[in-house]
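Summary of structural features
Okay, here's what each chain looks like letter by letter:
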Amino acid sequence: MLSTKMLQILNDQVAKEVYASHLYLAMASWAENEGLAGIADWFYAQSEEEREHMMKFIRYINERGGHAEVPLVEKPPKDFPGVKEAFDAALDHEKMVSGAINDIAALAFDEKDFATHNWIQWFIEEQREEEDSVQGIIDKLELLGKHGLYVFDRDIMSMRGDH
Ligand code: FEO
């Protein structure tokens, strides 16, 4: 059985994962409108992954006797100043999510809820991978001038990690 505090923090995380999914969806739609099909695909796929994260939290809360709530989602931005700025915003968001996941792990440890502590380890690894993947894209973008964007848009199609 989850504590009241644990139930709250896990439900808060459901909302964060849904927002992440919406944010990536907004970035995908923006990129598609900019004619950047490869970048749009990357963001669409990332949006799906975030939805899967949301589902994992919902299923876990219910499995442990809590009641997972479906949250109202804040509207993400419609436009982004540029590709680099969109990935910078994605990295900032992932860092925030990593902090929230760490808070869950810390609470689980404090409460001696080792089932949750064990379960959340997958997300700790997932966040490390996601931050690394977005940082890798930003590093690559920094190497490019505007003229390289066309090549990059094709290149990113082969950069999706399976995780
Ligand atoms: Fe599910 Fe990338 O946070």
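On a predicted model such as this, the values are computed, not experimentally measured, just so you know.

**Regarding the overall build of the chain**
Looking only at helices and strands, the chain has six helices and zero strands in total. Order of helices (α) and strands (β) in the chain, N terminus to C terminus: α-α-α-α-α-α. Its C-alpha atoms give the chain a radius of gyration of 17 Å, near enough to 15 Å, the size a compact globule of 163 residues would have. Within the chain, the proportion of its 163 residues that are buried is 43%.

**Some details on the pattern of salt bridges**
Inspection of every chain in the model, using the stated rule, returns five salt bridges. We note a salt bridge from R64 to D113, for which the minimum N-O separation is 3.4 Å. Taken together, the residues R64 in the loop between α2 (37-63) and α3 (83-110) and D113 in the loop between α3 and α4 (114-119) connect sequence positions 49 residues apart. D113 matches R64 in its accessibility class, with the two residues each being buried. K84 is paired through a salt bridge with E142; the nearest N and O atoms lie 3.5 Å apart. In this pair, K84 is assigned in helix α3 and E142 in helix α5 (residues 121-143), connecting sequence segments 58 residues apart. Each of K84, D88 and E142 takes part in a single network of salt bridges with overlapping partners.

**Some thoughts on the packing of aromatic side chains**
In this description, a pair of aromatic rings is defined by centroid distance and the angle of the planes. Per the stated rule, a full pass over the model turns up 12 aromatic pairs. A centroid spacing of 5.7 Å and a plane angle of 70° characterise the contact between W30 and F80, whose relative ring orientation is edge-to-face. In this pair, W30 is assigned in helix α1 (residues 4-33) and F80 in the loop between α2 and α3, connecting sequence segments 50 residues apart. Residue W30 is classed as buried on the basis of its relative accessible area of 7%. Taking the relative accessible area as the measure of exposure, F80 reaches 10% and is therefore buried.

**Comments concerning the side chain of Q46**
Of note, Q46 is situated in helix α2. The class of Q46 is buried, set by a relative accessible area of 3%. Polar side-chain contacts of Q46 include one of 2.8 Å to the side chain of E130.

About the cut-offs
- Residues numbered from 1 in each chain as written.
- Predicted model: local features only at pLDDT ≥ 70, side-chain atom pairs only at ≥ 80, totals over all residues.
- Heavy atoms only, no water.
- Helix = DSSP H or I, 4+ residues; strand = E, 2+ residues; numbered from the N terminus.
- Rg over C-alpha atoms; globule rule 2.2 N^0.38 Å.
- Buried < 20%, exposed > 50% of the residue type's maximum accessible area, 1.4 Å probe, protein only.
- Salt bridge = Lys/Arg side-chain N within 4 Å of Asp/Glu carboxyl O.
- Phe/Tyr/Trp six-rings, centres within 6.5 Å; stacked < 30°, edge-to-face > 60°.
- Polar contact = N/O pair within 3.5 Å; in protein donor to acceptor, adjacent residues only side chain to side chain.

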